[in-house]
Amino acid sequence: MFIKRCARKYKGKTYESFHIVEAFRDKDKVKHRYIINVTNFTKQQREKILKLLKNPDAKIIDDIDSLFQQGKSYGDIVFFLYQMKNLHLTDILSRYLSKKVLSLTLAVILNRIIKPTSKMEAISWIKKTSFPYFFPLKDKDYHANRVYEAMDEVYDNLDGIMEEFYKLQGEKPTLLIYDITSTCFEGRSVRIAKNGLSRDRRPDRPQVLLGLCLNEKGFPIHFEIFEGNLKDSETLEDILGKVKKRFKIKKSIFVGDRGMITLNNTKIIKGKNLGYILGLRHEKAKDLLRDKDIQPELFDKPLPVTIYQENGKKYVLCSSEERREKDLYVFNQILKEGREALCVVERMVNKGRLKKYDKVVRRAQKKLTESGALRYFDFSYEEGGEFKIIEKKDEIKRAMALCGYYILETSETEMEDEKVEESYKRLKEVERVFRDLKDLINIRPVYHWVERRVKTHIFLCLLAQVVLSTVRKKLKRKGWLGKRKENTLEQFINLLGTIQLGEFSIEGRKILRVQKKNPLKDVLLEIFDLSSFDLVKDRKACSI
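Each chain carries its own residue numbering, running from 1 in the direction its sequence is written. Only residues with pLDDT of at least 70 get local features here, since the model is predicted, and only at 80 or more are side-chain atom pairs given and counted; chain-wide, interface and lining totals rely on the full set of residues. Each side-chain value is derived from all of the structure's non-hydrogen atoms; neither hydrogens nor water enter the calculation.

(A) Expanded view of the overall build of the chain. Segments assigned H or I by DSSP are reported as helices when at least four residues long, segments assigned E as strands when at least two residues long, and all are numbered from the N terminus. What the chain contains, in helices and strands, is 19 helices and 16 strands. A 1.4 Å probe rolled over the protein chains alone gives each residue an accessible area, and that area as a share of the maximum for its type sets the label: buried under 20%, exposed over 50%, partly exposed in between. Out of the 544 residues belonging to the chain, those deemed buried represent 47%. Residues are treated as being in contact if the distance between any of their heavy atoms lies within 4.5 Å. Here the analysis covers contacts within the chain between residues at least 6 apart in sequence; of these, 64% occur between residues at least 24 apart. For the chain, the exposed area adds up to about 30,100 Å²; of that, 48% sits on carbon and sulfur atoms. Positive charges come from Lys and Arg alone, negative charges from Asp and Glu alone, with His and the N- and C-terminal ends not counted. Here the site of a charge means NZ on Lys, CZ on Arg, CG on Asp, or CD on Glu. In the chain, 110 positive and 79 negative side-chain charges are present, and the distance between their average locations comes to 6 Å. The accessible surface values rely on the Shrake-Rupley method and a 1.4 Å probe; as for residues, cover is taken only from the protein chains in view.

Put into C-alpha cells, the structure is as follows:
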C-alpha cells in the first residue's frame with residue numbers, strides 16, 4: 001500500500017486529494033483499490049502513515065515517555081573525541097598502549113576537559129556518559145585501580161609518546177618560550193615534592209615545579225617536573241639540552257621571564273649556540289638606568305627603543321599600560337609593608353621594649369628585609385634616643401617612574417626592537433597554558449603519592465589543555481568567542497553537554513537515539529566541519 005496524490009483543475013485552480021491505495025493485479029493489469037481518503041490529514045501525519053505502510057511490523061507508540069529509560073551525556077564526549085582524533089593524539093597513544101589502557105587514558109583526558117575530578121570520581125562519571133558505547137571496556141575495568149595501572153603503562157611508554165607528541169608541529173622551533181609554575185600536593189610521600197616559593201599561595205604544602213617550553217606557534221615542545229624548592233633559574237640547562245637534541249636545532253632564540261636572567265644562564269644559552277630575549281629584574285633595570293646614566297628623556301620616545309648596547313647584547317625599553325597598574329599596586333604594597341615594618345620597631349622603642357642599639361638595628365634590618373623594601377627605606381637610632389624612619393626619596397622616585405616600563409636584554413642586536421618586544425610578549429601564551437591547567441583542567445592539588453604517576457598525571461593534564469587550547473583558538477579565529485558576553489569556552493562546553501543520547505526500551509530491546517535538538521549545530525558545522533551527531537557515524541569515526 002502507498003499514499004496516492006490525485007490532482008484536478010477547476011476554474012484555473014488545482015485541487016489535491018490524498019488516498020491510501022492498495023495495488024492489485026487483475027488479468028495482468030495493475031489496478032488500484034482506494035482504501036481511505038487522508039486528504040484532511042496534515043503533511044506530517046501522512047508522512048508517518050507512509051512510514052507505517054513501508055514497515056508493516058512497525059508499531060504506533062502513543063506514550064514515548066513511558067519507554068524512555070535514561071539520557072546520557074553525548075555531545076561533549078563525542079566532540080572532544082573528534083578533536084583528539086584530529087590532533088592525532090589518539091593515533092599516537094594507540095601506537096604505545098593496549099586498547100584497554102588507551103580507553104582508560106582517553107577517559108581520564110575527557111574527564112579533565114569536561115568535568116575534572118579525582119580518578120575515582122572520574123571513572124564513576126565517565127561510566128554514566130555515552131563513553132562506554134565507543135570503547136571496549138568491561139564493567140570491571142571501570143575501577144580506580146585499573147586507571148592507576150593504565151597510568152603506569154603510560155609512564156612506561158612516556159618517552160616515546162612525548163617524542164611523537166612534541167613533533168606534531170613538524171618544523172624546527174625558531175622560538176623557545178619557557179616559563180615555570182608550581183603545583184601543590186596533598187601528602188608528603190613524593191620525593192620531589194618540597195616546600196618552596198608557591199605560585200598557588202599554599203606555602204604550607206609541598207609542591208613540584210612544572211617547566212614548560214612552547215614554540216612560536218604556542219604548542220608544547222617540552223615539559224619537565226623539578227623539585228619544588230628549586231629556583232627558576234636552576235631549571236634551564238636540562239630543558240635546553242633536550243629540546244636542542246630533539247629538534248636538531250642549530251639556531252633558535254630562548255625567551256624567558258625575569259626569573260631566568262642570571263650570568264650562569266646566559267652562559268648556558270650561549271654555550272648551546274642559542275640566542276636569548278630575557279626580561280630584567282626590577283632591581284637590575286633600576287641599576288642599569290643609574291649606572292649607565294640613561295636619561296629620562298628616553299622614556300618620552302616612541303617605545304620600544306634600544307637604550308644601551310655593549311658586548312654583543314642590547315637593552316630594549318618597553319612599556320605596558322596594563323603592566324603599569326599592576327606595577328604601581330605591587331610597588332605601593334612594598335612601600336606600605338616596609339613603612340609598617342619600621343613602625344613596628346618604632347613603637348617597640350617608644351614603649352621601651354627595645355633599647356639597646358644592636359638589638360634595635362638587627363630588628364629593624366630584619367623587618368625591612370622581610371618586607372622587601374630595604375632599597376627604599378633607612379632608619380637612624382642612637383641608644384636612648386629617637387628612632388627615625390628615613391624614606392629614600394630618590395630611589396622611590398626612580399622606581400615609581402619605572403612602573404609600567406620594563407627592560408629586555410637580548411643577544412639579538414640586529415633584531416628590530418618591535419620584534420624583540422613582540423617575541424617577549426609570547427610568554428603570555430605559557431601563562432595562558434598555566435591558567436588553563438589550574439583553573440579549567442584542575443591540575444592541582446596532586447593527590448598521587450607515587451612519583452611516576454605524578455609525571456603521568458601532569459602530562460595527561462597537558463594533553464587535555466592542548467585540546468582545549470586548539471578549540472579556543474578555532475572559536476576565537478572564527479569570531480564566536482566574545483561575539484556575545486555569554487560566548488565563553490566554558491559555555492561552549494556546557495552547551496555541548498546538553499546534547500544527550502537517549503536510551504529507550506521497546507519490547508525488551510534497547511534503542512539508542514541521539515537528541516536532535518543541538519544549540520551548536522551551525523557553529524559545529526562552520527568552525528569544526530562537524531555535521532549532525534549520529535551514533536553509527538560517530539562510533540565508526542571515534543571508536544578504537
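And the narrative resumes.
(B) The arrangement of the sheet that holds strand E2 (residues 13–26) in detail. Spatially, the three strands line up as an open sheet ordered E1-E2-E3, and their pairing is antiparallel. Because the sheet does not close on itself, it has two edges, and the strands there are strand E1 (2–10) and strand E3 (29–37). Here the average twist between neighbouring strands, direction ignored, is 50 degrees. With nine bridges joining them, E1 and E2 adopt antiparallel strand pairing. If you follow Cys-6 over to E2, its bridge partner there is Ser-17. Axis lines are fitted through C-alpha atoms, for helices just across the contact stretch, and the angle between N-to-C directions can take any value from 0 to 180 degrees. Its contacts with the sheet put helix H1 (residues 43–54) on E1 and E2, and the angle it makes with E1 is roughly 140 degrees. Strands pair, by our definition, only if DSSP identifies at least two bridges between them.

(C) The arrangement of the packing of helix H4 (residues 99–114) against helix H16 (residues 451–477) in detail. Closest axis-to-axis distance for the H4/H16 pair is 9 Å, and the angle between their directions is 60 degrees. Between H4 and H16, the angle is such that the two are oblique. In this structure, H4 crosses over H16, and the sense of that crossing is right-handed. Listed contacts from H16 to Thr-105, Val-108, Ile-109, Arg-112 and Ile-113 of H4 are His-457, Leu-460, Cys-461, Leu-463, Ala-464, Val-467 and Leu-468. The class makeup of the residues in the contact of H4 with H16 is nine nonpolar, two polar and one charged. The scheme is simple: roughly parallel for angles under 35 degrees, roughly antiparallel for over 145, roughly perpendicular for 65 to 115, oblique for anything else. Rotating anticlockwise by less than a right angle from the far helix to the near helix defines a left-handed crossing, while the corresponding clockwise rotation defines a right-handed one. Three categories are distinguished: nonpolar for Ala, Val, Leu, Ile, Met, Phe, Trp, Tyr, Cys and Pro, charged for Asp, Glu, Lys and Arg, and polar for the others, with Gly belonging to the last.

(D) Summary view of the nonpolar core. Grouping buried Ala, Val, Leu, Ile, Met, Phe, Trp, Tyr and Cys residues that are joined through side-chain atoms within 4.5 Å yields what is termed a nonpolar core. Phe-79, Phe-80, Phe-223, Phe-254, Ile-307 and Phe-492 are the most contacted members of the largest nonpolar core, which totals 138 residues. A per-element tally of this core places H16 first, with 13 residues. With near-sequence residues (within four places) excluded, Phe-79 lies in contact with Val-471, Phe-492, Leu-496, Leu-524, Phe-528, Leu-530 and Phe-533. Phe-331, Leu-368, Tyr-376 and Tyr-381 belong to the second largest nonpolar core, which has 20 residues in total.

(E) Spatial organisation of the packing of helix H2 (residues 75–86) against H4. It is at 11 Å that the axes of H2 and H4 come closest, and there the two elements cross at 115 degrees. By the angle between their axes, H2 is roughly perpendicular relative to H4. Crossing of H2 over H4 shows right-handed handedness. Two secondary-structure elements touch here, H2 through Asp-76, Ile-77, Phe-80, Leu-81 and Met-84 and H4 through Leu-106, Ile-109, Leu-110, Ile-113 and Ile-114. Residues that form the contact of H2 with H4 fall into these classes: nine nonpolar, no polar and one charged.

(F) Highlighting the side chain of Asp-436. The residue Asp-436 is located in helix H15 (residues 427–440) in this model. On the accessibility criterion, Asp-436 (3% relative accessible area) is buried. Polar contact is defined as a pair of N or O atoms within 3.5 Å, subject to the rule that within protein one atom must be able to donate a hydrogen and the other to accept it, and that residues adjacent in sequence are counted only when both atoms are side-chain atoms. At 2.8 Å, the side chain of Asp-436 and the side chain of Arg-472 are in polar contact. Leave out the neighbours within four places in its chain, and Asp-436 touches Ile-441, Asn-442, Gln-465 and Arg-472.

(G) Structural context of a positive patch on the surface. For patch building, the residue pool is restricted to those with more than 30% relative accessible area and no salt bridge; the joining distance is 9 Å between like charges and 5 Å between nonpolar side chains (Val, Leu, Ile, Met, Phe, Trp, Tyr). Basic side-chain nitrogens of Lys or Arg form a salt bridge, by our definition, when they fall within 4 Å of a carboxyl oxygen of Asp or Glu. A cluster of basic residues, Arg-347, Lys-351, Arg-353, Arg-363 and Lys-366, forms a positive patch on the protein surface. Within the secondary structure, Arg-363 is located in helix H12 (residues 357–371). Judged by relative accessible area, which is 32%, Arg-363 ranks as partly exposed.

(H) Representation of the pattern of salt bridges in the model. Counted according to the given criterion, the structure contains 34 salt bridges. Between Arg-426 and Glu-429 there is a salt bridge whose closest N-O contact spans 2.6 Å. Linked by salt bridges that have partners in common, Glu-283, Lys-286, Asp-287, Arg-290, Asp-291, Arg-375, Glu-395 and Arg-398 make up one network.

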